[in-house]
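Chain and residue survey
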Amino acid sequence: MTLDVAAIAEELRRLAAETAAGEHDGWAALEAAVRDLDETDLQERLRTAKTSWLLARATHGYRAVKSCPARPERYCVVATDGSVLNPDRHSPVRYYVINLGSVVLSYGEAPRAHLESRARLYASEEDLYLSDLSRRVPISGTVLGFKRAVEELRHAAELARSIEPPVVVLQDGTLILWGLESQPEFVANWALGPFLETLAQLREARIPVAGFISYPGSSDVMNVLRVSVCDYPLRGMPVNCDHCRARILTEGHRPACDILPDVSDRVLFEQVLKLQPGARSPVYASASTILDRYPEADRIHFFYLHTGTEVARVEIPAWVTRDRVVLDLLQAVIVDQCSRARGYPLALQEAHELAVIRAEERREVEILVDRLLAEHGVVLRRSAKDRSKRGRYV
Amino acid sequence: MSEQAVPERLGEVIETSTVGFVAECDELHCLPPLGSLVRVNGPADEVIYAVVTYGETGSIDPGRRVVRRGSPDLRDQAIYQQNPELRHVLRSIFTAAAIAYRREGRLSYLLPPLPPPLHYSVERVLPGEAREVTDQPRYFAILAQYRGEIPADQLLAAHVRHLYELRERDRDWLERAARELARIFKHDYDRLVPLLEALDPDLA
């Protein structure tokens, strides 16, 4: 054992005590901010605000909580999840694998289930690298993550479109490919193209898709509350975070929004707004800049949902927010799915189980590659560092 | 009982050894009864006969625990109706102890020379064939030495009861079986008597 746990245990104990003690600091201010929220004034503040944070724009007001609609007697849920074997820098052969787990669960008069995992290996030049003539980007790590997201959505849509409605598609995680913002243009286009095309196909088939985020860390709604308590408008100025923050250094200024605790939207909806099991928050438009590249009908909105065990974030395309029947179906299906798997959608849970590549399976693939190479006379061509890790000695 | 033309496939071998094998059922809960006879092809065209010694149903993934799904309003078969994925994440397995093999038409009441290969099909033995294989209960000695999940006496009792019913309550065969058990346990009266009582109170 190389990590001396005893050496950090005392620090951890202190940290836990401090966290517990400070948990409710500023909550009175937060409760007051929620109580005093003036939506007309807020709209004006949001219209002119310059913030560095993401602000949740409510489509139907900030107080429109919706309890859980009745569970449909008959529905079908499609979920996919994927995992990857990244290209191995220490191996003489370059390839990656995407393993997709897909689950179709039908409920009603004749319940049935279809569970499948599908592995695919990618090894051709065009599968391994992206190029815009001047640059060459390897498809691995984060970039491979985008490809996986595309494949997950594409496979789910393919399955869902062959099923009798009502059908709901669930994905694990966000539908906002915000990580593409930092990628070169040709990489962003490569990932967004098929992703948006699939979202459009689902829209045309009127099949709702939702990205489910368990234990979300986002604070888009909390940021709106910060705007609502900002003192700049009281002094006739628009909310301007850059200006305000700069004054902290130059003038020792204390931002008005510092009275609010540093908590996420999950805590806000769970402990302050006290969302009831099955109920959802209002629907908000996300302000993520990558969404400017999504067609208007597919721009991602979100709501918070009490699944029965936690407050999760659910992301949906704009068209779903305008189709009340579909939105209600989606909410009821997610709550039902969560009730079947202790708080997390059952279909996603099973898709994950089918997708996950375990350590022993990773090792099995490596051994297979070694063996196949050996058949062609290529023996032990791994890097010295990798060999040193495998054959450990003292 | 009408003779089926083709033996019914129960599942396939997922663990194998000279003394027996573990098989996973094709269908959840479709386990062969304890003590019943199954067959599997050996690697050299022989047929290996084995007696079912144990059955179990659980999670396919040993890392995932099975949790309660029912309630006062949802129980038994209705749980499977309402949770269609269960048939895909659970599995039934059974173990079987080899008692004999047939090579080139000749039946030997011995352990097979080679274990059945992994993934080979395990089939239910048709009644006519089961009657033939079990006609002379010489192989009981192999079962009496069984060491596994259940006591050997329970296995023998289950096997004899199963065969007695399969043989349409053939009293002559039951007497032969009882005599064989008496021979095996002639030095162990305390084991023999409860075993015979378990088979048929008339024989005690």
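Read on for an overview of the structure.

Rules and cut-offs
- Residues numbered from 1 in each chain as written.
- Chains lettered and ligands numbered in written order.
- Predicted model: local features only at pLDDT ≥ 70, side-chain atom pairs only at ≥ 80, totals over all residues.
- Heavy atoms only, no water.
- Helix = DSSP H or I, 4+ residues; strand = E, 2+ residues; numbered from the N terminus.
- Contact = heavy atoms within 4.5 Å.
- Areas by Shrake-Rupley, 256 points an atom, 1.4 Å probe, with all protein chains shown as cover.
- Lys, Arg positive; Asp, Glu negative; His and termini not counted.
- Charge placed at Lys NZ, Arg CZ, Asp CG, Glu CD.
- Buried < 20%, exposed > 50% of the residue type's maximum accessible area, 1.4 Å probe, protein only.
- Buried area = accessible area lost by both parts, 1.4 Å probe.
- Salt bridge = Lys/Arg side-chain N within 4 Å of Asp/Glu carboxyl O.
- Polar contact = N/O pair within 3.5 Å; in protein donor to acceptor, adjacent residues only side chain to side chain.
- Nonpolar A, V, L, I, M, F, W, Y, C, P; charged D, E, K, R; others polar.
- Axes fitted to C-alpha atoms, helices over the stretch in contact; angles between N-to-C directions.
- Parallel < 35°, antiparallel > 145°, perpendicular 65-115°, else oblique.
- Pairing = 2+ DSSP bridges.
- Phe/Tyr/Trp six-rings, centres within 6.5 Å; stacked < 30°, edge-to-face > 60°.
- Lys NZ or Arg CZ within 6 Å of the ring centre and 35° of its normal.
- Disulfide = S-S within 2.5 Å.

Concerning the overall build of chain A
The helix and strand tally for chain A stands at 14 helices and eleven strands. Along the three orthogonal principal directions, the C-alpha set of chain A runs to about 80 × 60 × 50 Å. Considering only intrachain contacts with a sequence separation of at least 6, the fraction spanning at least 24 residues in chain A is 73%. For chain A, the exposed area adds up to about 20000 Å²; of that, 53% sits on carbon and sulfur atoms. Across chain A, the centroid of the 50 positively charged side chains sits 2 Å from that of the 55 negatively charged ones.

What to know about unusual backbone geometry
At the junction of Pro165(A) and Pro166(A), the peptide bond is cis and its omega measures out at 0° in the coordinates. Assignment of secondary structure puts Pro166(A) in the loop between α5 (141-160) and β7 (167-172). Not every positive phi belongs to a glycine, and His29(B) is a case in point at roughly 70°. Residue placement: His29(B) occurs in the loop between β2 (20-25) and β3 (37-41). You can call His29(B) partly exposed: its relative accessible area is 41%.

Brief notes about the interface of chain A and chain B
Each partner contributes residues to the interface: chain A has 16 residues there, and chain B has twelve residues. In total, about 1100 Å² of surface goes out of reach between chain A and chain B, with carbon and sulfur atoms giving 48% of it. Along the contact surface separating chain A from chain B lie three salt bridges. At the boundary of chain A with chain B, the tally comes to four residue pairs in polar contact (both at pLDDT 80 or more). Sort the elements by how many residues they give to the side of chain A that touches chain B and helix α12 (residues 346-355) of chain A lands first, with four residues. Of the residues belonging to the side of chain A that touches chain B, the class tally is six nonpolar, two polar and eight charged.

Observations regarding the packing of helix α2 (residues 27-35) of chain A against helix α9 (residues 265-272) of chain A
All names here are of chain A. In contact at an axis separation of 12 Å, α2 and α9 are set at 80° when each is read in the N-to-C sense. The angle between the axes of α2 and α9 places the two elements in the roughly perpendicular class. Along the contact surface, α2 presents Trp 27, Leu 30, Glu 31 and Val 34, while α9 presents Val 267, Leu 268, Gln 271 and Val 272. Its residues placed into classes, the contact of α2 with α9 shows six nonpolar, one polar and one charged.

Some thoughts on the pattern of salt bridges
Tallying each qualifying case throughout the model produces 44 salt bridges over all chains. The residue Asp26(B) makes a salt bridge to Arg9(B) at a minimum N-O spacing of 2.7 Å. With Asp26(B) in the loop between β2 and β3 and Arg9(B) in strand β1 (residues 9-16), this residue pair connects regions lying 17 residues apart in the sequence. Each member of the salt-bridge network shares a partner with another, and the members are Glu350(A), Glu353(A), Arg358(A), Asp61(B) and Arg64(B).

A closer look at the side chain of Glu85(B)
Along the chain, Glu85(B) falls in the loop between α1 (77-82) and α2 (86-89). Among the residues examined, Glu85(B) registers a relative accessible area of 0% and is labelled buried. Setting aside chain neighbours within four positions, we find Glu85(B) in contact with Leu105(A), Tyr107(A), Ala113(A), Leu115(A), Leu346(A), Glu350(A) and Arg69(B).

Overview of the pairing of strand β5 (residues 90-103) of chain B
Each regular strand shows side chains that alternate between the opposite faces of the sheet. Residues and elements named next belong to chain B. Counting buried residues along β5, twelve of its 14 residues qualify, which places the element largely inside the surrounding structure. As paired elements, β2 and β5 share five bridges and run antiparallel to each other. Pairing of Val 22 across the sheet is with Thr 95, part of β5. By the bridge criterion, twelve bridges tie strand β4 (residues 47-59) to β5 in an arrangement that is antiparallel. Opposite Tyr 54, over in β5, you have Thr 95 as the bridge partner. Where β5 lies against strand β6 (residues 106-108), three bridges are found, and the strand directions are antiparallel. Each residue of the ladder has a partner; that of Arg 103, found in β6, is Arg 106.

Details of the environment of Phe212(A)
Following the sequence through the fold, Phe212(A) ends up in strand β8 (residues 209-213). Once the C-alpha coordinates of Phe212(A) and Tyr129(A) are considered, the two residues, 83 residues apart in sequence, prove to be 30 Å apart.

Structural notes on the packing of aromatic side chains
Tallied over the full model, the rule gives nine aromatic pairs over all chains. Ring plane angle 85° and centroid distance 5.1 Å describe the contact between Tyr139(B) and Phe140(B), whose orientation is recorded as edge-to-face. Geometry around Trp53(A) places Arg226(A) over its ring, the cationic atom sitting 5.9 Å from the centre. Taking NZ or CZ as reference, Arg266(A) lies 3.8 Å from the ring centre of Tyr215(A), over its face.

Some words on the state of the cysteines
Simply put, the disulfide is a covalent bond whose two ends are the sulfur atoms of two cysteines. Scanning the entire structure with this criterion turns up zero disulfides over all chains. With no disulfide partner, Cys76(A) has as its closest neighbouring cysteine sulfur the one in Cys338(A), 17 Å distant. Overall, the relative accessible area of 4% leaves Cys76(A) in the buried class. The structure places no disulfide on Cys30(B), whose sulfur is separated from the nearest cysteine sulfur, that of Cys25(B), by 7.0 Å. For Cys30(B), a relative accessible area of 41% translates into the label partly exposed.

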